[in-house]
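# Summary of the model geometry
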Amino acid sequence: MGRNNQISYLDLINIMSFVIGIMNLDENLTQGDKQDLMDDFDKKADTLLQEIHGHLESQDKKIDSIIQKLEVLTK
């Protein structure tokens, strides 16, 4: 504070800087939360895709087996 308990320009700049810093901190935490959610989503999507891939491989093997048996029967 300046003379006579008045707020100086430097005091105002310091207060504004402090408020902006708090706003940035809040935004950074929000971005971190978003990143955590995206990471979790990516892991779940990868797991789901692996399960689908495994199921399709199993279906392919069954279809190949059926085709081989039909080929033997039609000869």
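Quick note: structure is the one above.
Now for a quick tour of the structure. On a predicted model such as this, the values are computed, not experimentally measured, just so you know.

### Observations regarding the overall build of the protein chain
The number of helices and strands found in the protein chain is 1 helix and 0 strands. Against the globule reference of 11 Å for 75 residues, the protein chain gives a C-alpha radius of gyration of 32 Å, more extended than a compact globule. C-alpha atoms of the protein chain, sized along the principal axes, occupy 110 × 10 × 5 Å. Going through the 75 residues of the protein chain one by one, you find that 1% of them count as buried. When the accessible area of the protein chain is evaluated, it comes to approximately 7,400 Å², of which 61% is carbon and sulfur surface. Counting 8 positive and 14 negative side-chain charges, the protein chain places the averaged centre of each group 7 Å from the other.

### A short note on a nonpolar patch on the surface
Residues I7, Y9, L12, I15, F18, V19, I22 and M23 make up a contiguous nonpolar surface patch of about 870 Å² in total accessible area. Position of I22 among the secondary structure elements: in helix α1 (residues 9–74). I22 gets classed as partly exposed once you look at its relative accessible area, which sits at 44%.

### Brief notes about the environment of Q68
The residue Q68 is located in helix α1 in this model. The sequence separation of Q68 and L37 amounts to 31 residues, and the corresponding C-alpha distance is 47 Å.

### So, the pattern of salt bridges
Scanning the model with the defined rule gives 1 salt bridge in all. With a shortest N-O distance of 3.5 Å, D40 and K44 are connected by a salt bridge. Of this pair, D40 and K44 both sit in helix α1, separated by 4 residues, roughly a single helical turn.

### Structural notes on a negative patch on the surface
There is a patch of like negative charges on the surface, built from D33, D36, D39, D42 and D46. Of note, D36 is situated in helix α1.

### Notes on the environment of L49
Residue position: L49 is located in helix α1. Its relative accessible area of 55% is what places L49 among the exposed residues. Taking C-alpha positions, L49 is 21 Å from I63, a pair spaced 14 residues apart along the chain.

About the cut-offs
- Starting afresh in each chain, residues are numbered from 1 along the sequence in its written order.
- Totals for whole chains, interfaces and linings use all residues, but because this is a predicted model, local features are given only for residues with pLDDT of at least 70 and pairs of side-chain atoms are given and counted only at 80 or more.
- Side-chain metrics rest on all non-hydrogen atoms present in the structure, leaving aside hydrogens and water.
- Runs of E in the DSSP output that reach at least two residues are strands. Runs of H or I that reach at least four are helices, and both are numbered from the N terminus.
- Based on C-alpha atoms, the radius of gyration is set beside the globule rule, defined as 2.2 Å times the residue count to the power 0.38.
- Relative accessibility under 20% of the residue-type maximum defines a buried residue, over 50% an exposed one, and the middle range a partly exposed one, all with a 1.4 Å probe and only protein chains included.
- To measure how exposed things are, a 1.4 Å probe is used in the Shrake-Rupley method; for residues, cover is taken only from the protein chains shown.
- For the purpose of charge, His is not counted, nor are the chain termini; Lys and Arg are scored as positive and Asp and Glu as negative.
- Just so you know, the charge point we use is NZ for Lys, CZ for Arg, CG for Asp and CD for Glu.
- Patch building starts from residues that exceed 30% relative accessible area and form no salt bridge, then joins like charges within 9 Å and nonpolar side chains (Val, Leu, Ile, Met, Phe, Trp, Tyr) within 5 Å.
- Between Lys or Arg on one side and Asp or Glu on the other, a salt bridge is scored when a side-chain nitrogen of the former is within 4 Å of a carboxyl oxygen of the latter.

In short, shape yes, function no, at least from these values alone.
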